[in-house]
Structures are given as structure tokens and as C-alpha cells.
Amino acid sequence: MAALIACSSSPAPQTENTVVKAEPVSSSSAPAVVYSSAAAKSDVPESYKNIAYPTFNYVAPHPKDYRVQISDRITGYIVSDRSLPLVNFTMYFEEPKTVSSIKDEAASEMYGSLIRRGGGGGISAHDLDDSLEFVSAGISTSAGTFLSTIDIDCLSKDFPAMLELAKKVATQPSFDKEQLEIVKANFVTAYERRYDTPAKILSALKAKMNYAPNPRLWDASLDEYKKVSVDDVKRLSEGTFSSKRIVFALSGDVERDSAVAQLIEYFASWKVDSAKTPKQKPEPISFIRKPGTYVVDKDISQANITMNQPFVKRPHPDYYPAALASFILGGGSFTSRLMNRVRSDEGLAYSVYSTVGNDYRDTAMTTIALQTKVETVDFAMKLIFEEIDKLAKDGPTPEELDQAKKALVESLPSLFDSPSSTASIFAKGELLGKSDDHYLDYVKEINAVTAEQVKAMIAKYFDKDKMTISIVGPVSKFDALKPFVVVPLDSLEFR
């Protein structure tokens, strides 16, 4: 019987750090099996549990096989795939930013995308859209708290032209007034509908009840969105895409050596603001650390619930054992304890899950989330805490531990499922300071986790007494949850 294995589709060079394919049990050239006798039928396993699979020998691609250096400030990753005449190119500019006044928050949310939408380099917004549509290409820009990005998707024959067009748009933006009005209308609509669903309310409640005030969390008001002007976005965009530190990800129908030569010439004329003073790093997100239950009153039949606790900032030795512990508790879908107990056994929720946050810039959170009927909120939460206590006390079974390790390790190829994914994951990893051996160490770290570590991580990071529990639902139905704090809907914004 032929067996299937997962392997990366990225076109990695054949080195010791790339994919090692397991040999199938049988090949297509083997004679067909005809079940015409009792002897032949005896070769078929009696149960799917008895099917033998080849050893999983996947080895993640290694960054050094794709990394190139353009200059002392510009590096990148090139992953070639000549199967289709397509190219994806993303430039990451390390440009930390935080607005100093809440009055600038609305404009700061808009200018990153407006750089592309407004046209530039003498090309109007309308002509730019027409030009890109004519050749089935895409150019996009964005500006976030830590990075500004330019992304190009196009046919390989149009790549040189798209490079130059992207440079004009990014370095000589026009900020078309009509496009600004469209963007403003989108933000106004989003603001007016920000609490349309229980899920949106829960997200805002969770943030408000967990995080301390921080300029990075500021919410603009409706009036502030409406008042944004072209002058505002121009002022806030100054210095964007002029970073001294650039990392790029290039993938698709390109030849490595010629691409390097092309990019050396391309970036040689890229204007860098050498006089720009180094920007202060954005203030880290911190926690209020006030455990308890917080409820926004809403007349709905399904309560929306999330339970959170501060976790760690990576790299941290607790991350891998906690990730494995969370997988066993609630991250492993139908193999997890919470799904089996709350959904399969009791039918209280369609989905219930746990996660551990993965963050290299801020302290992350652990999460347990579910929706359940308002009448069963207390019972569902009781079952969840019973499973937490049981896992923290007794630990996982050997079968659970082995299954969790296999699932996490065998999910690794999905990170490198395309050339663009491979190039971008390495580029982002370099910006975050990940080691070259990060994805090789991942397998070792996961496989080294012990049952005692799982117990310790559950007790440490899924502690009921340290959790902030956020709920959206009808307060009148939650008597069994008392004491809790009712949070007004109009108090959820950070100002």
C-alpha cells in the first residue's frame, strides 16, 4: 500500500539542510495488487491503526542557503521557482514609530496604504491603477509600529518595470485627495461598525481588561477620522521607506545571480535619510494584572468568552514546553482535552481551544476561548478548570505527549509550503533576530519536552487565579458567575 508523507514544496537546493524524502512503501512501477485470494487479502491490515508509515524525515530549509547581501545595510532571501512566470518581492524597512499625540492616531493608520493608493512619481492614482491592471500586477504599501513594507506581485517579464514603478510611488508619493476621502470613508464605516458583533466587542474587552494604557493602543475617534487632511498624512509619512536597514524576500521566476546584480543597482539609487536620528523603540505593551471576571452586557443567546493570562516574550525557555502543553489542553482540535470534554462529551460548544502567544517584541498572552449558551456558561467554565487542574496534577498520558510532539513537528513543512512563504519567513526571522538554526532547533526543543514540564506549564500559565476572564452576554443570566465587573460598552476604547 502506498503511503503519503508531507514535504515542503519550496524549491530548496539539495543540501544537508533541505528536504529528505522518505521512500514510499511501494512505487507506481510495482505490479498492481489483485485481491483474488485469501493470501493476498491477508496483506491488508485489519485496522487503520496497523498501517505502517515511513519514518518522517523532513528537515526544514536553512536560511543560509537563500541569504544574499546587497550592502552593509541591505540583506535578503531569494528562493527561485521557474515553474511559473511569476515573481513576488517584498521589502521590509525597519522603521519603528509611535505617534506622540492621540490627535495623529487617525492619520497614522491611513498613510501607509495611502502612499500606494495616491499615486506618485508624476503618475496619478487613476493611471497607476490602470497600468497595474493592464499587466495583472500588484503593488502595495503599509506602515506599522515596527516595519514599513512594499510588496510587488507580477509576471517575471514585468518585474524590472514594476521595481521602478514601486520606487517612484514609495519615494515620491502624491497623496491624492480623492483617494484620501475614500480611505477616510472606509475608516469611518469601520469605526461606526466596530461593535456590530459579539466577537468584535469581546476583542475590545479583552484588550481593555488586560493591557495597561499605551500610545500603541490608542483608538482614534470618529471626528478625528473625519478631520484627517492631506497635510496630516504627508507630515506623518516623512522618512518612510528611507530606513538604513532593509531586508527583502524575493521568490519566483528569478535567477539568483542576475537578481543580485539587479538589486545592487536598484538599491544603489535608493534614497536613505542619513541625517535621520534613530527613532526610540516603541514602548512595550504591559499588563494591568487585575485578574477577575469582566462582562459587557449584550442580549444574545450565545456567550462569547475568553480567558487570558500574561505569558512570555520570546525567546524564552518556557515557550516550547508551554506550546506543547497548550496543544494537549486545547490546541489540538479533536485530540485535545477541552474539545473532548466540553464539546464531544457535553455538547456545550462548537469550538473551544487554547493557545500560547508567539511574540518577539512584547509579552504575549495565553488564551482559552469558546462560545456557549448563556445558560451553560458556568458549567462549561467549571469543566474547563477541571481539565486544567487534572492536567496540572497528573500530567499527560504517554500517548498524548507523543501525539502532540508528532503533530507539532509534522506541521513544520506547512511553514515552507511555497517559495514566497520560505523567503518571507526567513526575512521576518532575521528582523526578529532568530538564529539560522531556529527551525532545526524547533524539532529538538519540541521532542525534548517531558511530561513533568507539561504539568508545570499548565500550572504556571493556565492558572485560574491569575486569569482575566472576559465575557460578552446578558448580565442577568450570569448570577452563578458572581462576583464580576460590568464594563460599559462605551468605555472600551484606549484614549
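The preceding data block contains the structure.
Conventions used here
Note on numbering: residues in each chain are counted from 1, in written sequence order. Local features in a predicted model are, by the rule used here, given only for residues with pLDDT of at least 70; side-chain atom pairs are given and counted only at 80 or more, and totals for whole chains, interfaces and linings are based on all residues. Working from all heavy atoms in the structure, the side-chain values ignore hydrogens and water. Helix and strand assignments follow DSSP, with helices taken as H or I runs no shorter than four residues and strands as E runs no shorter than two, numbered in order from the N terminus. Burial classes follow relative accessibility: with a 1.4 Å probe on protein chains only, a residue under 20% of its type's maximum area counts as buried, one over 50% as exposed, and anything between as partly exposed. Here, two residues are considered to be in contact whenever any of their heavy atoms come within 4.5 Å of each other. Accessibility throughout is a Shrake-Rupley quantity obtained with a 1.4 Å probe, and a residue counts as covered only by protein chains that appear here. Counted as positive: Lys and Arg. Counted as negative: Asp and Glu, with His and the chain ends omitted from the count. By convention, the point assigned to a charge is CZ for Arg, NZ for Lys, CD for Glu and CG for Asp. Here a strand pair is declared whenever DSSP counts at least two bridges between the two strands. Basic side-chain nitrogens of Lys or Arg form a salt bridge, by our definition, when they fall within 4 Å of a carboxyl oxygen of Asp or Glu. The span you would expect from a helix comes to 1.5 Å times its residue count less one. Each direction from the helix axis to a C-beta atom contributes to the arc, which is the arc of those directions. Nitrogen and oxygen atoms within 3.5 Å of one another constitute a polar contact, given that in protein one can donate a hydrogen and the other can accept it, and given that sequence-neighbouring residues count only through two side-chain atoms. Ring pairs are drawn from Phe, Tyr and Trp, using the six-membered ring of Trp, whenever the two centres fall within 6.5 Å, and their geometry is named by plane angle: stacked under 30 degrees, edge-to-face over 60, tilted for the rest.

*Asks:* Give a detailed account of the overall build of the protein chain, specifying residues and quantitative values.
*Replies:* A count of helical and extended segments in the protein chain gives 16 helices and 12 strands. Taken over the C-alpha atoms alone, the protein chain extends approximately 75 × 70 × 40 Å along its principal axes. For the protein chain, with 495 residues in total, the buried portion stands at 48%. Residue pairs in contact within the protein chain that sit at least 24 positions apart in sequence constitute 84% of those at least 6 positions apart. Of the accessible surface of the protein chain, which amounts to about 24,900 Å², a share of 52% is contributed by carbon and sulfur atoms. Seen as two clouds, the 58 positive and the 66 negative side-chain charges of the protein chain have centres 4 Å apart.

*Asks:* So, the environment of H126: which residues are in play, and what are the values?
*Replies:* Note that H126 resides in helix α3 (residues 125-134). Relative accessible area serves as the criterion here: at 55%, H126 is assigned to the exposed category.

*Asks:* Can you tell me about the pairing of strand β11 (residues 468-473), naming the residues and giving the values?
*Replies:* Of all six residues making up β11, six are buried, and the element is well covered by its neighbours. Alternating residues of β11 divide into T468, S470 and V472 and I469, I471 and G473, and every residue in both groups is buried. Two strands pair when backbone bridges link them, and strand β7 (residues 292-297) and β11 are joined in this way by six bridges, in the parallel orientation. When the bridges of β11 are listed, V295 appears paired with I471. Bridge count between strand β8 (residues 302-310) and β11: five bridges; the pairing is antiparallel. Across the sheet, the residue bridging to T306 is S470, located in β11.

*Asks:* Which residues make up the pattern of salt bridges, and what values do they have?
*Replies:* Pairs may arise between side chains of opposite charge once their charged atoms sit close together. Following the criterion strictly, the structure yields 20 salt bridges and no others. For the salt bridge of D196 with R193, the shortest nitrogen-to-oxygen distance reads 2.7 Å. Taking relative accessible area as the criterion, D196 reaches 40% and is therefore assigned partly exposed. For R193, a relative accessible area of 48% translates into the label partly exposed. Here K227 makes a salt bridge to D223, at a shortest N to O gap of 3.0 Å. With K227 and D223 both in helix α7 (residues 222-227) and four residues apart, this pair spans about one turn of that helix. Classification of K227 by relative accessible area gives exposed; the value is 58%. Where salt bridges share partners, they join R341, K382, E386 and E387 into one cluster.

*Asks:* Could you give an account of the pairing of strand β3 (residues 86-94), with specific residues and numbers?
*Replies:* Burial of β3 is extensive: seven of the nine residues sit out of reach of the surface. Alignment of β3 against strand β5 (residues 147-155), held across nine bridges, turns out to be antiparallel. By the bridge assignment for β5, Y92 is matched with T149. The sheet contact formed by β3 and strand β6 (residues 246-252) spans seven bridges and is antiparallel. Bridge pairing in β6 places N88 opposite S251.

*Asks:* A description of the side chain of N210 should follow, citing residues and the corresponding values.
*Replies:* Structurally, N210 is set in helix α6 (residues 198-210). Leaving out residues up to four positions away in the same chain, N210 has contacts with S286, F287, I288, R289, N308, M365 and T468.

*Asks:* Can you break down helix α9 (residues 256-268) residue by residue, with the values?
*Replies:* Here α9 is 13 residues long and its end C-alpha atoms lie 18 Å apart, about the 18 Å a rise of 1.5 Å per residue gives. By the burial criterion, the buried members of α9 are A259, V260, L263, Y266 and F267. The arc that holds every buried residue of α9, seen down its axis, measures 130 degrees, which confines them to one face. Exposed positions of α9 whose direction lies more than 90 degrees from the buried face are D257, E265 and A268. Here the buried face of α9 lies against β1 (67-69), β2 (74-80), β3, α4 (159-171) and β6. Two to three positions downstream of the cap, the backbone nitrogen of D257 sits 3.3 Å from a side-chain oxygen, assigning the N-cap of α9 to E255.

*Asks:* Report on the environment of Q262, specifying residues and quantitative values.
*Replies:* Note that Q262 resides in helix α9. When the C-alpha positions of Q262 and I70 are compared, they lie 10.0 Å apart, and in sequence the two are 192 residues distant.

*Asks:* So what's going on with the packing of aromatic side chains? Residues and values would help.
*Replies:* For the structure on display, the rule yields 20 aromatic pairs. Ring plane angle 70 degrees and centroid distance 5.2 Å describe the contact between F93 and F241, whose orientation is recorded as edge-to-face. Taken together, the positions of F93 in strand β3 and F241 in the loop between α8 (230-237) and β6 put the pair 148 residues apart, joining distant regions of the chain. Neither residue differs from the other here; F93 and F241 are each classed as buried. Ring geometry for F311 versus Y461: centroids 4.8 Å apart, planes at 90 degrees, classification edge-to-face. Of this pair, F311 sits in the loop between β8 and α10 (319-331) while Y461 sits in helix α16 (residues 451-461), and the two are 150 residues apart along the sequence. Side by side, F311 and Y461 carry an identical accessibility label, which is buried.

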